[in-house]
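The chain contents come next:
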Amino acid sequence: MQLKSLILPLFLALPLTGCGLVYKVDIPQGNYLEEKQVAQLRQGMTKEQVRFLLGNPMSLDGFNHDRWVYIYYFKPGRGDTEQKRLVLDFINDGLATMSGDFELPDDFHQGL
């Protein structure tokens, strides 16, 4: 009788031990930007130059075509989620301002 009372809880707990061994997929979404790419941005760059450097923006504002938003979201299988954002504003087809999670390059205001 004692053997049965020991085996039953062990048998019921066995499926729960495998739950920690399940492989979880990393999920990257959006535009992955490196610091060295963002460091090349200069005030006055055209939209085509920025698109060549960073790629197509993740989001274009439907009401303001002069605002480009680059978003990167990374959810690892295990661990903390990472999210980065870069917002670029253009005036007359020239890059005017930059904001978001990246530092403003030292040479940004020097222009081209």
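Just above, that's the structure.
What comes next concerns the included structure. (Residues numbered from 1 in each chain as written. Predicted model: local features only at pLDDT ≥ 70, side-chain atom pairs only at ≥ 80, totals over all residues. Heavy atoms only, no water.)

Focus on the pattern of salt bridges
- This model, assessed by the stated rule, comprises five salt bridges.
- The closest approach of N and O atoms between R42 and D107, which form a salt bridge, is 3.6 Å. Of this pair, R42 sits in the loop between α2 (35-38) and α3 (47-54) while D107 sits in the segment after β5 (94-100), and the two are 65 residues apart along the sequence.
- A salt bridge links K47 to D66; the shortest N-O distance between them is 2.9 Å. Taken together, the residues K47 in helix α3 and D66 in the loop between β2 (59-60) and β3 (67-75) connect sequence positions 19 residues apart. (Salt bridge = Lys/Arg side-chain N within 4 Å of Asp/Glu carboxyl O. Helix = DSSP H or I, 4+ residues; strand = E, 2+ residues; numbered from the N terminus.)

Quick look at the packing of aromatic side chains
- Scanning the entire structure with this criterion turns up three aromatic pairs.
- Taken together, Y32, Y72 and F74 form an aromatic cluster joined through their ring pairs.
- Here the guanidinium or amino end of K47 rests over the ring plane of F90, the centre of that ring lying 5.7 Å away. (Phe/Tyr/Trp six-rings, centres within 6.5 Å; stacked < 30°, edge-to-face > 60°. Lys NZ or Arg CZ within 6 Å of the ring centre and 35° of its normal.)

Notes on the side chain of K47
- On the basis of relative accessibility, which here comes to 17%, the residue K47 falls in the buried class.
- If we ignore the near neighbours within four places in the chain, the residues touching K47 are H65, D66, W68, F90 and D93. (Buried < 20%, exposed > 50% of the residue type's maximum accessible area, 1.4 Å probe, protein only. Contact = heavy atoms within 4.5 Å.)

Regarding the pairing of β3
- Bridge analysis of strand β1 (residues 27-30) against β3 gives four bridges, and the strand direction is antiparallel. If you follow G30 over to β3, its bridge partner there is Y72.
- Strand direction decides the pairing type here: β2 and β3, joined by two bridges, are antiparallel. Bridge assignment links L60 to a residue of β3, and that residue is W68.
- Two successive antiparallel strands, β2 and β3, enclose a turn made up of six residues.
- Counting the residues that bridge the hairpin from β3 to strand β4 (residues 82-91) gives six residues, and of these G79 lies at a positive phi of roughly 115 degrees. (Pairing = 2+ DSSP bridges.)

Considering unusual backbone geometry
- Backbone geometry places N92, a non-glycine residue, at a positive phi of 55 degrees.
- Secondary-structure assignment places N92 in the loop between β4 and β5.
- N92 gets classed as exposed once you look at its relative accessible area, which sits at 73%.
- Unusually for a residue other than glycine, D93 sits at a positive phi of about 65 degrees.
- By the element assignment, D93 lies in the loop between β4 and β5.
- Taking relative accessible area as the criterion, D93 reaches 40% and is therefore assigned partly exposed.

So far we have only geometry, and geometry alone does not tell us how the molecule works.
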